[in-house]
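Here are the chains, one letter per residue:
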Amino acid sequence: MTLTVLLVTFAVLLLIGMPISFCLALSSLAAIFFLDLSPLVVLQRIFAGVNVFALIAIPFFIYSGEIMLHGGASERMVRFARALVGHWRGGLGQVNVLTSLLFGGISGSAIAGVSAVGGVLIPKMKEQGYDADYAVNVTVSASTLGLMIPPSHNMIIYAIAAGGGVSVGTLFLGGILPGFVTAALLMVAAYAVARKRGYATTAFEGWAMIGDSLLAATPGLLMILIIVGGIRLGIFTPTEASAIAVVYGLAIGFWVYRELGIKSFWKITSNATRTVASVLFLIAAASAFGWVLAVSDAPAAVAEFMSSVTDNKIVALLMINAALLILGAVMDMAPLIIIATPIFLPIAQHFGMDPHQFGVMLIMNLGVGLITPPVGTALFVGCAVGETKMEAIMRTIWPFYLAHLGAILLVTFVPGFTLWIPEMLS
């Protein structure tokens, strides 16, 4: 009955348009009242949700992403990607995917990817004769690559939610190959759609242009190597790496690219502060919600239900993927990681899945939720940037959904896609 009160209250608040963080907190409060406990329990759980040292890395990584976004890195990455793949079929669509892959290593955010890459490329694609739905489809589908390429603050949230035995450094490394595989599949989808629609190709700009644009983009790209390499070599912890990323980003923006100034610095700080406050409040509220779920024995109930349905590993893992895709479409990513991890991770481990592999699979599934209605925040932003109705997008986005689903299945059933790089570098 407690679980019913919790979920019904949450659903009602969500349907009337209340922000997701308040839905989580207020539904938790309703369940606490039903259990005849003190409302202070909710405040205690909210405080406990953010009173975790490892969470310090999240504000710093968000801040470093904002710095690199406004510090000139994104434009140089677009230039490099255009020189490298702009002459392929689909032209700027291929550039869009590659830029999102590169930019993901800086921002770690799908929303930032849509805003930064889409803000530059969607208008250019429309000017050069690409249909608006194609431009938006490519942009929003590729924006989720930032969730897999380190540094991803969502991986830090998962590592905390999973408890001991999950390494942030291993998660960072484990997301690299799935990120590149997903990008390759998205580029195939972009090529197929472009060929069907007869989009023109452009001339190859030459190896000299590739070299020049790579040189210009290298300072920004080095951030990925510094963060992942430093963590893996034991030079600094993930939390220390996040602070180093901020210092490095400021140095690049002020003294290398020279596109940061005092006014832009305050704008960056303001943007990052708003984002951090939103993310941490979501995490705090989700912690209270997750505690009530645990008290209600929801994880055990889900495990019992799945075991009653099947004891086949393939079917069970497909059921987990389906559940995550559905949940991701109706709920924001950060709180869902905290809520879904204690429910589905034990089931996945029961069938022999490594927790790092599960973490990457979880994030990939929830990433698809960011581009799926009705919540689909990255999809909403892409439609706004592209000045396109969501109905038009949903009619033609299915090849890119198939690319994502193909990558998810590879990660689910081929452990090497996640674990090969960490094992090779261990």
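For the structure, check the block above.
Residues numbered from 1 in each chain as written. Predicted model: local features only at pLDDT ≥ 70, side-chain atom pairs only at ≥ 80, totals over all residues. Heavy atoms only, no water.

Draft legend 1. Representation of the overall build of the chain. Secondary structure summary: the chain contains 22 helices and 0 strands in total. On C-alpha atoms alone, the chain measures out to a radius of gyration of 21 Å, which is about the 22 Å that the 2.2 N^0.38 rule sets for 426 residues. For the chain, the proportion of its 426 residues judged to be buried stands at 55%. Just so you have it, the chain exposes about 17500 Å², and 69% of that area is on carbon and sulfur atoms. If the 18 positive side-chain charges of the chain are averaged to one point and the 18 negative ones to another, these points end up 11 Å apart. (Helix = DSSP H or I, 4+ residues; strand = E, 2+ residues; numbered from the N terminus. Rg over C-alpha atoms; globule rule 2.2 N^0.38 Å. Buried < 20%, exposed > 50% of the residue type's maximum accessible area, 1.4 Å probe, protein only. Areas by Shrake-Rupley, 256 points an atom, 1.4 Å probe, with all protein chains shown as cover. Lys, Arg positive; Asp, Glu negative; His and termini not counted. Charge placed at Lys NZ, Arg CZ, Asp CG, Glu CD.)

Draft legend 2. Looking closely at the nonpolar core. Counting 141 residues, the largest nonpolar core has L24, Y134, Y158, I320, F358 and F400 as its most contacted members. For this core, the leading source of residues is helix 14 (residues 262-295), giving 13 residues. I176, I224, V228 and I421 belong to the second largest nonpolar core, which has 5 residues in total. (Core = buried A, V, L, I, M, F, W, Y, C linked by side-chain atoms within 4.5 Å.)

Draft legend 3. Region of the structure containing the environment of F380. Take F380: it is sitting in helix 19 (residues 377-386). Look at F380 and you get partly exposed, because its relative accessible area is 38%. Considered as a pair, F380 and L225 are 155 residues apart in the sequence and their alpha carbons are 32 Å apart. Leave out the neighbours within four places in its chain, and F380 touches P374, V375 and M390. (Contact = heavy atoms within 4.5 Å.)

Draft legend 4. Fine view of unusual backbone geometry. Of note, the bond from P150 into P151 is cis; its omega dihedral lies within 30 degrees of zero at 5°. Of note, P151 is situated in the loop between helix 8 (132-143) and helix 9 (153-162). Even without being glycine, D36 reaches a positive phi, approximately 60°. Positionally, D36 belongs in the loop between helix 2 (20-34) and helix 3 (40-50). Residue classification places D36 among the exposed positions, given a relative accessible area of 69%. Unlike most non-glycine residues, E387 shows phi in positive territory, near 50°. Mapping E387 onto the fold places it in the loop between helix 19 and helix 20 (390-396). The class of E387 is exposed, set by a relative accessible area of 69%.

Draft legend 5. Quick look at the packing of aromatic side chains. Going through the model one piece at a time under the given rule, you end up with 11 aromatic pairs. Ring geometry for F254 against F265: centres 6.5 Å apart, planes inclined by 45°, an arrangement best described as tilted. Separated by 11 residues along the polypeptide, F254 in helix 13 (residues 238-256) and F265 in helix 14 bring together distant segments of the chain. For F265, a relative accessible area of 23% translates into the label partly exposed. Taking 5.6 Å as the distance between ring centres and 65° as the angle between the ring planes, the aromatic pair formed by F265 and W266 counts as edge-to-face. An aromatic cluster of three or more residues is present, and its members are F254, W255, F265 and W266. Against the face of Y257 rests R76, its NZ or CZ located 4.0 Å from the ring centre. (Phe/Tyr/Trp six-rings, centres within 6.5 Å; stacked < 30°, edge-to-face > 60°. Lys NZ or Arg CZ within 6 Å of the ring centre and 35° of its normal.)

Draft legend 6. Looking closely at the environment of F236. Note on placement: F236 falls in the loop between helix 12 (207-232) and helix 13. Classification of F236 as buried rests on a relative accessible area of 14%. Along the sequence, F236 and F61 sit 175 residues apart, while their C-alpha atoms lie 15 Å from each other. Not counting residues within four places of it along the chain, the set of residues in contact with F236 comprises I226, I227, G230, I231, A241 and I244.

Draft legend 7. Quick look at the environment of V117. Looking at the element boundaries, V117 is found in helix 7 (residues 110-127). Distance in space between the C-alpha atoms of V117 and A272 is 18 Å, their sequence separation being 155 residues.

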